[in-house]
Amino acid sequence: MMKIRSKSSTNRTMLTGRESLIRLIGKRRRFLPNRQSILSDPIQSVVKDENETEKSLEERSSGSDSDMVTCPVCGNKVRGEEYMINSHLDACLTRGTKRKLSQQTLLQFNFSPRSKAQVDQTNLDDTKSNLTSHDKDMTDLSVVDIDETNSLTYESSSSDNVSLVYTDGSAEILVTDDIIIGGRSTVNDDENVNSDDDISGKLLATFIVGRRYSEEEELHTGNNVSLCRDPENIKDSNAIKVLSADSGCIKVLGYIPRELAEHLSKLMDTFGISFEGRIMSVPEQSRVVVPIQIWCQEKISFSELEDEKVKVLQSLCRHVINAVNLGETAPLGMVKYQQNFCLLLQEVLRSTPHVFTHDEKTFLEKFLLLSNDSQRLFIRLYTRKGPWFRMSSISYAEILDNQLAVKELSEAGYICSTETTSELHKDDLEQILKILTVGELREMLSATTKKCSHSSRKQESISLLLSSYGDRSSSLLYKMILEKTGTCIRISSAADSLVWRVERLFFCNGEQDLSAFLLVDLGIVKYPTYNCIVTDQLFSSRNDLLSYEEALEVAQIMDESLEEDDSSKVLRCIAISISHISSYAAKAIKFSCFSASWVYSKVVLLGVSFFESERRYTDAIDLLKHLLLNFAKDRRRGYWTLRLSIDLEHLGRVNESLSVAESGLDDPWVRAGSRVSLQRRVLRLGRPPRRWKIPSYSESVNRKIPEVHVQGRPINCKTGTKSRFYGEDGEQCGVEQLALQYYAGEDGGQWQGVHSESGIWLTVFGLLMWDVIFSDVPNVFLTRFQTSPLDLDTDYFYEARKSIIEQLLSKIQEGMAEEILITSWESHFGTSCRGVNWNRHSLTELRAVVTCIGSGCMATICRHLAQDYRSWSSGMPDLLLWRFHSDYSGEAKLVEVKGPRDRLSEQQRAWLLFFMDSGFNAEVCRVNPPGSK
C-alpha cells in the first residue's frame, strides 16, 4: 500500500488528466450524498445496494402497514410492507397483462398513509382557487400524467427545436357542456372538417399572454375578443394583439403566444383572414395567462386560390394546428423554461423508470402537480449557484406569490427554510454567511473581540466569525445571521440529488444542462436531425447507476481537494478508486465511459500525474500497473504503458523499462503517437549490449523529417511563454503566422494556407462523413442534444457502419469528395456537429483543400479517423498549404511549426510519418532568431 506523506506545493492545474476529469464531472453538485462515508469510512465500497437504499427511503416515510393488501392490477394478496408493494406493482405493470394505471390511480388504492398524503398534495391548487367546476375541469388540463408520456415521442421541427407530440398526431380533447375544446374540434357538426389543411370552423384553444401590457384589468368568462395584428411591435414583428370586443371602447387585453402568432400572423397578412374568440375562464391573479378560444370568422374558399397559394395556405393551417396542439401538451400558462424542465423530467421517468425507487418516482411526479409559481421558483433556484438564498432578494416577474410558492415547495420536500430549522450544520452556517455583504459581516465582527480591518477579504471575515463563536455558540451566531438575512431557503438535498440525476440521464453528460434548451429556443444552437433508436438501457440496473454516481462523487472530491491543496484527501480518493477497480467491473462494454470503473480510472490516472509531480515514481508505477492489469481492452493503454516505462527509467530500472516498452508494442490497443513513442524508446534503450538485434521498424521510425528554417525578429523568447515575433509586415505575430507569411512569399513557394492544426481536417471529415455519422445505428443517439454518436470515440463506430463507410470512401477515391462536400455544406450549414467549425473555414477554402490533397490521400485520412477517431483527432500539423496549377489540379503541403526550444511531440511525429507514407509533402518549419543555429 502506498505511503501517505507530506508533499511540496505544485501547480495542480497543470496535472495531466485534470481538465478531462473536470469535463467529466461537469457542474459541481451542491450536495454529495456519500461525502461523509467517502471521507471517513474504511476504504471499501460505500455504495449501498438497492435494498438498503429502499429501506432508508422507507424509514423516512410516515408509517407502514404490514397487513395483506390486494393488488389493483392482478388482484392477488400482497404483504403490506411498502417495498414489497413497490416490487410487486413494478412486476405487474411491466408484465402489462392488464390496464396500466396512472400513478394517481394507484395512490387512490390507499396502500399506506404516505400514499394518502400524496393524494392530498395533488389537490393543493383546488383549495387555493375559487374557480367554478367548469374552470376546474379546464385546470385539469395542466396536470400531465406520467403514464400518458408513453404515447409521446420526440420530434424535431423545421427549426430543429425539440418538442413533444402525440405519436398518433391527435390533440387532447376536453368536453365541457355542449362545446368541444381542442385543436381538431369544430363549432358545428354539419361543418366538420377533419383535415388539418383547413381551420375553417375549428375552435383553437390558446391563451392571452403579456397581461402586463393590458389596458383592461377586469375580465369576465364568456367575454368576446378579436385579434389584431401588431407588425410594429419592436419585440416581435409577428405579434398579434387580443382586443376586447364587448365594450364600446376597444382595449388591448394582451397578446397571442409567440409560437402560435408566428404562423397565425401570416394567415392574417397574406390571406386577410380575421379571427374572433371568447374568454373561457378568468384566473384569480390579474397578470397570469388567460385561456381563450379563437376561430376563423369566415369559411376559407380554396377553389378561388391558385395552386401555389393553396399549398401555402394549407401549410400555414397545419402549422397553426400544430402550435395549438403543442400548447395543449404543456400545463396551463407554462413559461418556456418551465415547459422544458417538465419535458426533461417526464422523458427521464418514461424512459428509465428502473433506476428510480417507488418513493423517488413519487417524489419527482409530485413536482408536476405543483402550482406554476412553485415549479418556476424551484427551477429558478436550481439553476442558480446558491445553495442558500435570501427570501428578500428573490423576485421574478413570472412568479406572482413567492411566499405561497415557498410554502408549497417546503411541504413537498423540495426546499428547506431557516424558518423550519432550529439548528444548522457548520457548513450551512458558512454558506449562509456567504450571502451577507462585506459590510454586514464587519458589523457582526464588531460585536466580537476579533479585529477585522477594512481590507479583510470576505472569506477571512467568515472564518473569523466561525472561529469566534465556535461550536458551543453556533446557535447564537445563527440568530445573529437571521437578524441580518431574514428568512433563507435552499433546495433540499433530496431534490437536488434527484434532479441532478434526471439531468445526467437526459443529457448523458455533465456539461449540458437546462441552458441547452434555451440555446435551441433562441436559435443559437441547431442540433442535427437523426433517429433515436433505443433498444438497450445505458444503465442496466439501479445499482449500476448508483455505483456510477458514487464514482462521480469521488471524482468531484478529488478535484476539490486538488483545488484546496489537500494532500490527505487526494490520497484518499486515489486509494478509494484503486479499491473499487476490479477486472469484473472493467470488462469491455460498448460504452465503458458510463461505468463506475471508468470514472475511477480517470481519478487514478490523475493520481499518477500527482505522484509524478511529487517525484514519487514508485507510487505512480503501482497505479499504472494496476490500471494495465484491470483494463485489458482500453485505448488508453498506450499512454499508461509509456508512462510506466518512463517512470521505471526515472528509478534507474532501465532493463525493466525496456521490457515494458517492448511488451507494449505487442499490445493491439497501443496506437498512434504512443506506439511511435514506445518504438523510439526501444531503439534508444535497446542499444548494445542490452539488445543486439535491430527492430524491423528502426528505419521507418528514424526517418528524417524534412526541415525548413525561418528567421524572425523575436519580441520575447522567455522559457514558458509563447514565442512572439515581428512579421514581415512589422506587426506582432506568433510563429505560425510568421511561417504562413514565409510560405506565401516567393522564397517559400507562394502557397496559400491556413493555421488549423486538427480543425480543418475534422471539419472536412465531418462534412464528408455526415450521413455516416448520423446514420441509423441503435443506442448511439439517446437525446436530441447530441452532436455526434456515443460510439464515435470507440472501435464500434467503424465496425457498426463498415459497409456504408467503405461505400463512401470508394466515392471519395473516385474523385467525388468535392461534390459530397458542397452538398453537405449547403444542406447542413450552421448545424452543430462534433469537429465541424462553420465559422473558421469558408467553403472555398475547404473545396481547395479537398481538391489539392487528392482523392486517394483524402480517403486514407477519412478511413484513419473513422477507425480510430480518438487517437488520430489530435496532433495534426499546424499548417495546411495548397496551390493550384494551370489545369485546375493542385498540390498540398503539411507543415508543423516549431519556435525556439520547441520539440515535436510523438503524436505530431506519428502524423508526419503517416502523411509521408501516404504520399504527402510534409515538413517541419523551425522559426529562430537571427544568428541562431
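Since the model is a prediction, treat every value here as computed from it, not as a measurement.

## Considering the overall build of the chain
- On a plain count of helices and strands, the chain comes out with 37 helices and 24 strands.
- Looking at the chain as a whole, 51% of its 933 residues qualify as buried.
- Considering only residue pairs separated by 6 or more positions, the chain has 69% of its internal contacts joining residues 24 or more positions apart.
- Total accessible area on the chain stands at roughly 44400 Å², and carbon and sulfur atoms take up 48% of it.

## Here's the deal with the environment of His220
- Among the structural elements, His220 can be located in the loop between β8 (202-208) and β9 (224-229).
- Judged by relative accessible area, which is 42%, His220 ranks as partly exposed.
- Sequence spacing of His220 and Ser281 is 61 residues, and the spatial spacing of their C-alpha atoms is 7.4 Å.
- Those residues within four positions of His220 in sequence are excluded, and the remaining contacts are Ile279 and Val282.

## Notes on helix α37 (residues 906-917)
- For α37, spanning twelve residues, the distance from its first C-alpha to its last is 16 Å, which sits close to the expected 16 Å at 1.5 Å a residue.
- Counting buried positions along α37 gives nine out of twelve residues, so the element sits mostly inside the fold.
- The complete set of buried residues in α37 reads Gln907, Gln908, Arg909, Ala910, Trp911, Leu912, Leu913, Phe914 and Phe915.

## Quick look at the packing of aromatic side chains
- In this structure the tally under the stated criterion is 37 aromatic pairs.
- Here the aromatic rings of Phe506 and Phe785 are separated by 5.9 Å at their centres, their planes lie at 55°, and the arrangement is tilted. Here the residue Phe506 occupies a position in helix α19 (residues 493-507), and Phe785 occupies one in the loop between α31 (770-773) and α32 (796-800), the gap between them amounting to 279 residues.
- Both rings, one in Trp761 and one in Phe920, keep their centres 6.4 Å apart while their planes meet at 85°; by these two values the pair is edge-to-face. Of this pair, Trp761 sits in helix α30 (residues 759-768) while Phe920 sits in the loop between α37 and β24 (921-928), placing them 159 residues apart in sequence.
- Using a relative accessible area of 2% as the deciding quantity, one classes Trp761 as buried.
- The class for Phe920 is buried, based on a relative accessible area of 9%.
- The residue whose ring lies beneath Arg883 is Trp751, and the NZ or CZ to ring-centre distance is 3.9 Å.

## Details of the sheet that holds strand β17 (residues 707-711)
- With mixed pairing, five strands are arranged side by side in an open sheet as β17-β24-β23-β22-β21. Each edge of the open sheet is held by one strand with a lone partner, namely β17 and β21 (752-755). Taken over all neighbouring pairs, the strand axes of this sheet differ in orientation by 25° on average, direction set aside.
- By the bridge criterion, six bridges tie strand β22 (residues 879-884) to strand β23 (residues 890-898) in an arrangement that is antiparallel. If you follow Arg883 over to β23, its bridge partner there is Glu891.
- Across the sheet, α37 touches β23 and β24, and the angle it forms with β24 is around 140°.

## Quick word on the nonpolar core
- Counting 159 residues, the largest nonpolar core has Phe378, Tyr414, Trp761 and Ile812 as its most contacted members.
- With eleven residues, the top contributor of residues to this core is helix α23 (residues 596-613).
- The contact partners of Trp761, leaving out residues within four places of it in the chain, are Ile853, Ile861, Met876, Leu880, Leu894, Phe915 and Phe920.
- Leu227, Leu253, Leu260 and Ile292 belong to the second largest nonpolar core, which has 33 residues in total.

## Comments concerning the packing of helix α1 (residues 18-25) against helix α21 (residues 542-564)
- Remark: α1 packs on α21, axes separated minimally by 10 Å, with the N-to-C direction vectors making an angle of 130°. In terms of their interaxial angle, α1 and α21 are classed as oblique. Between α1 and α21 the crossing geometry is left-handed. Judged by residue contacts, Arg18, Leu21, Ile22, Leu24 and Ile25 of α1 engage Tyr548, Leu552, Ala555, Gln556, Met558, Asp559, Leu562 and Glu563 from α21.
- Of the residues contributing to the contact of α1 with α21, the split by class is nine nonpolar, one polar and three charged.

## Let's talk about unusual backbone geometry
- Here Gly386 and Pro387 are connected by a cis peptide whose omega angle stands at 5°.
- Relative to the elements of secondary structure, Pro387 occurs in the loop between α13 (372-382) and β14 (388-390).
- The peptide bond linking Pro688 to Pro689 adopts the cis configuration, its omega dihedral lying at 10°.
- The topology assignment puts Pro689 in the loop between α27 (672-685) and α28 (698-701).
- Positive phi, normally seen in glycine, also occurs at Cys508, with a value near 60°.

## Examining the sheet that holds strand β15 (residues 415-417)
- Overall, antiparallel pairing links the three strands, which are arranged β14-β16-β15 in an open sheet. Every interior strand has two partners, whereas the edge strands, β14 and β15, have only one. Taken pair by pair, the neighbouring strands of this sheet meet at an average axis angle of 30°, ignoring direction.

## Quick look at the confidence of the model for the chain
- Put simply, the chain has an average pLDDT of 79, and 78% of its residues get 70 or more.
- Taken element by element, the chain is modelled with least confidence in strand β6 (residues 179-181), mean pLDDT 28, and with most confidence in α31, mean pLDDT 96.
- Residue range residues 45-66 is modelled with pLDDT below 50. Its contacts to residues more than four positions away, or to other chains, number 41 contacts.
- Note on residues 583-588: pLDDT under 50 across the span, and seven contacts to partners over four residues away in sequence or across chains.

## A short note on a negative patch on the surface
- On the surface, Glu728, Asp729, Glu731, Glu746 and Asp747 cluster together into a negatively charged patch.
- Structurally, Asp729 is set in the loop between β19 (724-726) and β20 (732-734).
- By relative accessible area, Asp729 is classed as exposed at 53%.

## Some remarks on a nonpolar patch on the surface
- Together, Leu518, Leu519, Leu522 and Ile524 make up an exposed nonpolar region whose accessible area comes to about 380 Å².
- If you trace the backbone, Leu522 turns up in the loop between α20 (515-521) and α21.

## Side note on the environment of Thr763
- As for its placement among the helices and strands, Thr763 is situated in helix α30.
- A residue is classified by how much of its surface remains accessible, and Thr763, at 1% relative accessible area, is buried.
- In sequence terms Thr763 and Asn837 are 74 residues apart; their C-alpha atoms lie 6.0 Å from each other.
- In this view, Thr763 contacts Gly835, Val836, Asn837, His841 and Leu846; residues no more than four positions away in its chain are not counted.
- Here the side chain of Thr763 touches Asn837 through a polar contact of 3.1 Å, landing on its backbone nitrogen.

What counts, and where the lines are drawn
Residues numbered from 1 in each chain as written. Predicted model: local features only at pLDDT ≥ 70, side-chain atom pairs only at ≥ 80, totals over all residues. Heavy atoms only, no water. Helix = DSSP H or I, 4+ residues; strand = E, 2+ residues; numbered from the N terminus. Buried < 20%, exposed > 50% of the residue type's maximum accessible area, 1.4 Å probe, protein only. Contact = heavy atoms within 4.5 Å. Areas by Shrake-Rupley, 256 points an atom, 1.4 Å probe, with all protein chains shown as cover. Expected span 1.5 Å × (residues − 1). Phe/Tyr/Trp six-rings, centres within 6.5 Å; stacked < 30°, edge-to-face > 60°. Lys NZ or Arg CZ within 6 Å of the ring centre and 35° of its normal. Pairing = 2+ DSSP bridges. Axes fitted to C-alpha atoms, helices over the stretch in contact; angles between N-to-C directions. Core = buried A, V, L, I, M, F, W, Y, C linked by side-chain atoms within 4.5 Å. Parallel < 35°, antiparallel > 145°, perpendicular 65-115°, else oblique. Left-handed = near helix turned anticlockwise from the far one by under 90°. Nonpolar A, V, L, I, M, F, W, Y, C, P; charged D, E, K, R; others polar. pLDDT = per-residue confidence, 0-100. Patch = residues over 30% accessible without salt bridge, like charges linked within 9 Å, V, L, I, M, F, W, Y side chains within 5 Å. Salt bridge = Lys/Arg side-chain N within 4 Å of Asp/Glu carboxyl O. Lys, Arg positive; Asp, Glu negative; His and termini not counted. Charge placed at Lys NZ, Arg CZ, Asp CG, Glu CD. Polar contact = N/O pair within 3.5 Å; in protein donor to acceptor, adjacent residues only side chain to side chain.

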